[in-house]
Structure formats: C-alpha cells, structure tokens
Amino acid sequence: MLTKKLPPLRSFLVQVSRHASHIARQQYDVIVVGGGHAGTEAAAAAARVGAETLLVTQKIHTIGALSCNPSLGGVGKGQLVKEVDALDGLCGRAGDWAGIHFSILNRRKGPAVWGPRAQLDRERYRKFIQSELLSTPRLTVVEGSVEDLLVTEPNPEEPGHHKVTGIRLENGSDPISASSVILTTGTFLTGSLFMGQTMSPGGRIGDAPSSAGLSRTMRERLGLRIGRLRTGTPPRIVKDSVDLAQAHLHLPDSPPTPFSFLNTHTRCKPEEQLPCYLTYTTPGVERVVQESLHLNCHIQQDAKGPRYCPSIESRVLRFPGRKHQVWLEPEGVTSDLLYPQGLSMTMPPDIQLRLIREIPAMHRAEIHTPGYGVQYDFVCPTQLSPALQVKSTQGLFLAGQINGTTGYEEAAAQGLWAGVNAARWALSMPAVTLSRTESYIGVLIDDLVSRGVTEPYRMFTSRAEFRTSLRPDNADLRLTLKGFEEVGCVSSLRYQEAVRVRDSLHEALAALQSLVLSSPNWKKKLPDIHICEAKNGMDVLQYSDVSFEMLASAFPECLSPYMEFSQRLKIEAVYKRHCDLQRKEIARIQKEENMSLPQDMDYISLPVSLSNEAREILDRVRPSTLGAATRLQGITPAAIVHLLHYVRRTLIHMFPERWNRINYC
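Calculation notes
- Residues numbered from 1 in each chain as written.
- Predicted model: local features only at pLDDT ≥ 70, side-chain atom pairs only at ≥ 80, totals over all residues.
- Heavy atoms only, no water.
- UniProt positions renumbered as here; feature names shortened; annotations may be inferred.
- pLDDT = per-residue confidence, 0-100.
- Contact = heavy atoms within 4.5 Å.
- Pairing = 2+ DSSP bridges.
- Helix = DSSP H or I, 4+ residues; strand = E, 2+ residues; numbered from the N terminus.
- Axes fitted to C-alpha atoms, helices over the stretch in contact; angles between N-to-C directions.
- Core = buried A, V, L, I, M, F, W, Y, C linked by side-chain atoms within 4.5 Å.
- Buried < 20%, exposed > 50% of the residue type's maximum accessible area, 1.4 Å probe, protein only.

- Of the protein chain, the UniProt comment under Cofactor (unreviewed entry) reads exactly: "FAD".
- UniProt, in the comment section headed Sequence similarities (unreviewed entry), describes the protein chain in these words: "Belongs to the MnmG family."

### A closer look at the confidence of the model for the protein chain
Do not read the fine detail of predicted coordinates wherever pLDDT is low.
Moving on, step 1. Scored by pLDDT, the protein chain comes out at a mean of 90, with 93% of its residues at no less than 70.
Moving on, step 2. pLDDT under 50 marks residues 17-21. Its contacts with residues more than four places away, or in other chains, come to five contacts.

### Things to note about the sheet that holds strand 19 (residues 372-379)
Moving on, step 1. The sheet built from four strands is open, its strands ordered 11-10-19-12 with antiparallel pairing. Each edge of the sheet is formed by a strand with only one pairing partner; in this case those strands are strand 11 (198-201) and strand 12 (226-233). On average, each strand axis in the sheet is tilted by 25° relative to the strand beside it, whichever way the strands run.
Moving on, step 2. When strand 12 meets strand 19, the two strands line up antiparallel, connected through eight bridges. Opposite Leu229, over in strand 19, you have Tyr376 as the bridge partner.

### Quick word on the nonpolar core
Moving on, step 1. With 112 residues, the main nonpolar core has Ile31, Leu149, Ile167, Leu183 and Trp417 as its most contacted residues.
Moving on, step 2. For this core, the element with the highest residue contribution is helix 10 (residues 408-426), accounting for 11 residues.
Moving on, step 3. Not counting residues up to four positions away in its chain, the partners in contact with Ile31 are Leu54, Val56, Ile167, Ile176, Ser177, Ala178, Ser180, Val181 and Ile182.
Moving on, step 4. In terms of nonpolar packing, the next biggest core, distinct from the first, is built from 27 residues, Ala511, Ala534, Leu541 and Val546 among them.

### Looking at the side chain of Glu409
Moving on, step 1. Mapped onto the elements, Glu409 comes out in helix 10.
Moving on, step 2. Residue Glu409 is classed as buried on the basis of its relative accessible area of 5%.
Moving on, step 3. Ignoring any residue separated from it by four or fewer positions in sequence, one finds Glu409 in contact with Ser71, Leu72, Gly73, Lys77, Leu80 and Val81.

Next up, the structure:
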C-alpha cells in the first residue's frame, strides 16, 4: 500500500551538498560511480547487504532522471522490473509512485508474456528515487566527477591480474579507497553527442562527459576490450502545438496494476491517469529523411545502434515505403511536453521541425528540445563473471550500458546484482549468481557474459527458455525468499509478506486439489461450463471459461479465504502441466550451471578432443560454468561432452578438495 511521504527535495540537496564538501570518510566498502538506473539500484543494494557505500554522481539533481522515454516496463522489461522489486529494488515502487498511465501489454497472449508498463511523471520518479537514497542507511552521496581508478597488484590468493582499490576525483581531493568499485557510467564513457553535422563531448545534453582517464585505464592499464555503440532520443514536442484530434486515443488500464508486490494500488487513481495517442509517419517523413542524409553524420557512423528502438532515419532506410507508428506520450501530470516515441532523430534542428510537421497531428507542432544522438564506449561483457565482476580485475564491477545493454530496466537489474556482489566481495562473502532457469535477471546476465553483444542488448520474453515459469506474477516466490535467506538484500518486512503469500497459495492449491468430484457432479456445480474431463478443482480451473471466483462461489467455505489470490491461482492452474514438464529440463540445466570451470584452465593445450575454434572461444570467453559453455556460439555438443568428461575425470582426481568446495552447490 502506498503510504510514502516524500521529504522536500531541497532537504535532499542540502544534505548531499554537505557530503560533497566534507566527505565523512576516505574509506568505504563499495563505491558506485554514476547516478542513473544502474547506479541507484547498485548503491541501494550494496547498502542493504550491509556495505558502507558511496555513490558518486556528476549532478545531484539528475539522480534518478529519465534521460529518454518517461516510461517503465514493457514486454520482457516489465518482468525485469518485477524481479528487481522482488529483490527489494527501487524502480518498481518508484514506478507505482510516478506512473500516470498504466497498461499490461500482450494481453491477447498468455499471462507468462504479459508486459507490465507505465508512463511516468519525470519529476515524481526522480524525487522518489532521491528520497529513497536519502533514507537508505549506510549510503552516502557525493557530487563529483571520477578522474581515474586506483589500481594495484592483485591478491595472489584470488584470480585476476589487477586489483581496484578506489577512485580519484577530478577536483584534486585525496583519493577515496574502497574494497569494491562499481562503474555505471551509462552513455557517459567517452561519450559524444551528435546533432546534424555537429559533435560535442558528453553523454547527455547539458551534462559533461566522464573523464577520459576511466576509459584509458580500462583499455590500457587493465587490458579490457572496449567497443563503441550508439543511441539517440527524439525531440520533445510542445503539447499545445499538437492537434491530438488527428491521432488515435489510447486509454490506460482501469484499474492500474502496480509493479511492486508491496503495493495494492498506485498513487495515480484510475480516473487521474492520462491518455497516450497513436499516429503514423507519412511519405513526407521519408522524403525529409532521404533529403537530409548528407547533413546527418551520426547515421553515417559505424557504431551499432539499438535494433529494437531505432532512429527514424534507420527505420526509413531499412524499411522504405512503410508507415511507422509514432506514440505521443505525456511527460508528466503538469508537463506541457509530449514525448514522440518512434521519432528518435539526429538531423539538424530545423530539419527535425520539417520532419515532424509532415505528420498530420503535428502539422503545426513546435519543438521544445531537439533530438540528438549519442556514441559511447562499452566494455565487451564476456570479460565479466556472472557476478558482474571483471574477471581480470579484483574488486571492479560493471553494470548498465557500459556492458552493452539498452534500457532503464536492463540497467536497473544489472545494477542491483552488481551492488549485491560488490558488497559481498567487500564483506568477504562468496559471490552469488542467478540462473537463467530462475529469473530474467539470470537470462540477461548469462546472455551478456556468455555470448557478448554486437548491438545494444534489449530484453524480450523470447530470450527466456522457461518463460512459462518465469512469469511476472510469481517473481516474489522465485526471488524474494532467496534474496532474504541467501543473498541478504531483502528486508524482513518484504520477506514476511512473501512467506505469507507463499503459504496462502500453497493452502489454496491444496484446497483446489482436494475438491474431487465426478464429471456429472462438476456439471451440476458449474452448469454453464462444458466440462469433459476433470478430477479436481485444479483441473477445472484450467478451463479458459472458469475463474477462481466461480469456484469460490460454488465452494465458499473451502475457497473464499483465498479471493485476494484469484488471478494468481488461475495463472498457476493454466501453466501447471507445462511447468511440470519443464522441471526435468530445468534440473538438467541447473546441474550443468552448478559445475564450475576453473578460470585458470589452459584451453589451448587441454589434452582433450576440441577443435581449434572451440579452444579459441573457450580461451577468450572463459565461461564460469559448463552451462555457460553450452551457450557459446561455436561450441558444439560434442565439445561439451569432451569438456565434461575431462573435468569429471581429471580435475576431480587432481583437486578433490577444490572440486568439492567450488563445483557443486
């Protein structure tokens, strides 16, 4: 239930400014660099685990800012938000507080691939995140720019060639030491802004780029492989200059569905939600793009852009002759701006105005802020462990767009998990991992560290092999208990609520299965439903036209206590058979993932039948587990079998204590 009262933003800035001028200490357990979605989740998670944490950000007032689209969630992305919330992260509750248009995408398909989504009020979201950070114990926030990392010789008892021990700020102050450092630099790492034929350094308009020293240290001192990616953002349109009567009205869901498992409703009442509008591009838009290509240096660059959120220039060039959707979305309750999703562009501002006025609903539109493109450095993520720690560098963790991903939700998920493991490293606790069989966060991280990226990575439900088990509705049962009992990032309040829900669902499922009737008797109880074969209440609930409310009306004494879980019980019934069939495959994959591969294994000279290609791939990526090796492109099933036999027969005999200690969970 939403009962949060936010403190005035001024009090937040005053307290943080005091820290910026007089840092209370020069030694922390964890330092987080960057105050975006990855950085805020990382800092909060590290502090929840118990680490004394410092968050360093260039501008205090941009902490929690929605740099591009003011929205959260979607297909695949909504699953990540639910999982971050289940692990006590911030973004789900922030979305419930700041949301102004809630909808469940993909409703025409099964509940496993539904996509919870909300349009957000930018100011409300930013203030909520800042308020949460202010009230987080063990977390200090400082305004500043990081000039470089402090790097020393590694601890010989741990894998790695280097060790990060802190940071140095650009203001010339004394270095700040830490056991762990998390870089969440987003698009700021050697970032460049593009608009037309002009280019300037930066990762977001109005903000300075990160220090070149960071990128140089990672490339030259740490020897990391660095790539280049690009993205962009559309112009912001003055709302009163748009003829919304010429666009299709799109109403929100009523009532809205909260992201957070702790909330029963959102701050925005159903009747207070704002609509969105749908319109389309015209042949005139394509003509303007074609005529202005010579004035657009960003689109001519080699750096890869996001495939699933391309610029209008890329869409026109890739799919000529088509009309493309443009969603006109509100930026806030009191904002006078619209966000034209689908019109990311990097042409000169005067050409941008020409282009948007080719769309009927915007034939008199005015631009408040022009769109622009960004190019930035990223670290090839196959150099990371599943804990998001750089394999070659002790104490250095990376999260967010620096790992080659795109999107707030992907950044938040990585940030949370990097924060957890950075804190555990600092507190001399073992790293924890999430399997792709138990979470979308696990799928995300495994895809990054096992397969790498050639373009900005976006989450989809299709990336998860076991998506019928990894549903938005059951993220709390999958992760909250583990987050409290094994990871240490979940509060006792959330844990107690998850235990209550788990026990109630188990009781309700048992009650359903105890309702055993013959088919004729079921027809008497539910005369309007055509029931062919059913043994118990769970079987009956699997019928598409049977709801839990119907069964509760027929058996009130048995089922009425569980009405608050009616939708969850229906979904459990729908997927029960499929999930039962998947358990054997999940168990096989988990066994493979629990079989660790030594990071110092010499794959090039390994005395086993492997092709040169397989040896080179394994030597370059160095998968942490056999399961990760199976998902490497170019690694054949035969290579996995040979590798498995070698590990079992050779290493078990050579290092029995080491094998028993690290290879089976």
